[in-house]
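Structural overview for review
Below are the chains, spelled out letter by letter.
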Amino acid sequence: MEMHQLRYFLAAAKTLSFTRAAEICNISQPALTTAIRKLEDQLGSPLFHREGRRLALSEFGRRMQPHLAQIVEQA
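Keep in mind the model is a prediction, meaning the values are calculated, not measured.

Reading guide: rules and limits
Residues numbered from 1 in each chain as written. Predicted model: local features only at pLDDT ≥ 70, side-chain atom pairs only at ≥ 80, totals over all residues. Heavy atoms only, no water. Helix = DSSP H or I, 4+ residues; strand = E, 2+ residues; numbered from the N terminus. Rg over C-alpha atoms; globule rule 2.2 N^0.38 Å. Buried < 20%, exposed > 50% of the residue type's maximum accessible area, 1.4 Å probe, protein only. Contact = heavy atoms within 4.5 Å. Areas by Shrake-Rupley, 256 points an atom, 1.4 Å probe, with all protein chains shown as cover. Lys, Arg positive; Asp, Glu negative; His and termini not counted. Charge placed at Lys NZ, Arg CZ, Asp CG, Glu CD. Pairing = 2+ DSSP bridges. Expected span 1.5 Å × (residues − 1). Phe/Tyr/Trp six-rings, centres within 6.5 Å; stacked < 30°, edge-to-face > 60°.

1. Details of the overall build of the chain
If you tally the helices and strands in the chain, you get four helices and two strands. Along the chain direction, N to C, the helices and strands of the chain fall in the order α-α-α-β-β-α. The globule rule puts the C-alpha radius of gyration for 75 residues at 11 Å, and the 11 Å found for the chain is close to it. With respect to the principal axes defined by its C-alpha atoms, the chain has extents near 30 × 25 × 20 Å. Counting every position in the chain, which comprises 75 residues, the buried fraction comes to 37%. Taking the intrachain contacts of the chain between residues at least 6 apart in sequence as the baseline, contacts between residues at least 24 apart amount to 48%. On the chain, roughly 4,700 Å² of surface is accessible, and the fraction owed to carbon and sulfur atoms is 50%. Positive and negative side-chain charges of the chain, numbering 10 and 7 respectively, have mean locations separated by a distance of 4 Å.

Have a look at this one:
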């Protein structure tokens with residue numbers, strides 16, 4: 001787990017858009033999506049439900065969001 005992955009997740013969770021999160025993080029959307037998928041693989045569960053262009057936090061994502069935000073704040 002890398003700090004940039006956590007920041008990307010938090011931006012996507014806030015905006016519910018990979019495109020807008022990528023703009024906020026100043027990276028390309030494919031790079032952000034790849035980083036989040038790697039984070040999901042590392043955590044063993046999806047953080048988001050992806051339905052076409054719609055993005056929603058999964059139950060696991062909702063539970064992990066405060067913990068991951070705390071890690072970023074403490075770093």
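2. What about the pairing of strand S1 (residues 48-51)?
Bridge analysis of S1 against strand S2 (residues 54-57) gives four bridges, and the strand direction is antiparallel. Of the residues in S2, the one forming a bridge with His49 is Ala56. Between S1 and S2, which follow one another and run antiparallel, lie two residues, and Gly52 among them has a positive phi close to 65 degrees.

3. So, helix H1 (residues 3-15)
The end-to-end C-alpha separation of H1 is 19 Å, in line with the 18 Å expected for 13 residues at 1.5 Å each. The inward-facing, buried residues of H1 contact helix H2 (18-25), helix H3 (29-43), S1, S2 and helix H4 (59-74). Leu16, located one to two residues past H1, shows a positive phi value of around 50 degrees.

4. Some thoughts on the environment of Leu47
Mapped onto the fold, Leu47 is located in the loop between H3 and S1. Classification of Leu47 as buried rests on a relative accessible area of 0%. With 25 residues separating them along the chain, Leu47 and Val72 place their C-alpha atoms 17 Å apart. Beyond its immediate sequence surroundings of up to four residues, Leu47 is in contact with Phe9, Leu39, Glu40, Ala56, Leu57, Ser58, Phe60, Gly61 and Met64.

5. Digging into the packing of aromatic side chains
The final tally for this structure, using the stated rule, is two aromatic pairs. Ring geometry for Phe9 and Phe48: centres 5.5 Å apart, planes at 55 degrees, overall tilted. Here Phe9 is found in helix H1, whereas its partner Phe48 is found in strand S1, with 39 residues between them in sequence. Relative accessible area serves as the criterion here: at 2%, Phe48 is assigned to the buried category.

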